[in-house]
Amino acid sequence: MLTPQGLKGKQYRVTGNAYPRLGRPPKKSRKVIAALAALLALALIGLGGVQLYDIFRDKDRNASAQACATPSGKPLAAPTAGATPGAPAASGAPVDPHAVPQPSAVTVNVYNATTKAGLAGRTADELKKRGFTIGKVGNAPAELDKKVPGTAQVIAGPTGVAAGTLVGSQIAGASVTADARTDTSVDFVIGDSYNALLDETQAAAALALAVKPSPTPSATGSC
């Protein structure tokens, strides 16, 4: 007696050349097969996604490494400290915090390069209250008159870099530049965007930032 698959347990006697007609596999078996096929497909998709992620992550790392290097392949050097944010020191070199003089040791010439009357006098009075020694007060020389678009231009000589840094910290956005003078006096030239000096707390914070040494980048850290 034979019980072929798909005959649901019915027994048939095989005689002659004729065989009973086999039925389709049960629906439950088809569902199980379909589910297994779907799981296999999802597994393959997931594996492919992981591999693609690894490929793109490696590309990003390589791009970052190239961005952090100079054309010669060497890491970029640490930035040079400036006198105030956005304004480099007169010499372009970091200022030693111990070299910054007291305000009383700095002679400041205050010049007005704007069309607003009285700015030089009022600013000189404010600087004097903060302990600075006031030199000349008046209109800016012709080469600077109405030619200072920012808040102020602070000018010092090679020996007055630290003094220029101190004066430049009194106003936000001041540019600090150098000329050939041999003394330590500083010119404070008021520009078109000038409104007022920073308050003393803000000025102290700006000075601390200006003379703070730049951190040395880690050899293994990111750029």
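One structure accompanies this document, and this report is about it.

Procedures and definitions
- Residues numbered from 1 in each chain as written.
- Predicted model: local features only at pLDDT ≥ 70, side-chain atom pairs only at ≥ 80, totals over all residues.
- Heavy atoms only, no water.
- Pairing = 2+ DSSP bridges.
- Helix = DSSP H or I, 4+ residues; strand = E, 2+ residues; numbered from the N terminus.
- Buried < 20%, exposed > 50% of the residue type's maximum accessible area, 1.4 Å probe, protein only.
- Arc of directions from axis to C-beta.
- Contact = heavy atoms within 4.5 Å.
- Right-handed = clockwise from strand over helix to strand, strands pointing away.
- Axes fitted to C-alpha atoms, helices over the stretch in contact; angles between N-to-C directions.

**Regarding the pairing of strand β4 (residues 175–178)**
Within a regular beta strand, the side chains point alternately toward one face of the sheet and then the other, so they alternate between its two faces.
Part 1: Alignment of strand β3 (residues 152–156) against β4, held across four bridges, turns out to be parallel. The partner of Ile155 across the bridge, within β4, is Thr177.

**Considerations on helix α2 (residues 119–129)**
Part 1: Within α2 the residues assigned to the buried category are Leu119, Ala120, Thr123, Ala124 and Leu127. Take α2 and look down its axis: the buried residues cluster within an arc of 125°, on one side only. For α2, the exposed residues lying more than 90 degrees away from the buried face are Arg122, Lys128 and Lys129.
Part 2: Buried residues along α2 sit against β1 (107–112), β2 (133–139) and β5 (186–190).
Part 3: Phi for Gly131, located one or two positions after α2, is positive at around 100°.

**A closer look at the pairing of β3**
Part 1: In terms of residue burial, β3 counts as a mostly covered element, since five of its five residues are buried.
Part 2: Of the two faces of β3, the one holding Ala152, Val154 and Ala156 and the one holding Gln153 and Ile155 are both buried throughout.
Part 3: The pairing of β3 with β5 spans five bridges and is antiparallel. Along β5, the bridge assignment pairs Ile155 with Asp187.
Part 4: A crossover links β3 with its parallel partner β4, the connecting element being helix α3 (residues 161–168), and its sense is right-handed.

**Section: the sheet that holds β2**
Part 1: Taken together, the five strands give an open sheet; going across it, the order is β2-β1-β5-β3-β4, and neighbouring strands pair in mixed fashion. Single-partner strands in this sheet number two, and they are β2 and β4. Taken pair by pair, the neighbouring strands of this sheet meet at an average axis angle of 20°, ignoring direction.
Part 2: Where β1 meets β2, five bridges bridge the pair, whose relative direction is parallel. Its bridge partner lying in β2, Tyr111 is registered against Gly138.

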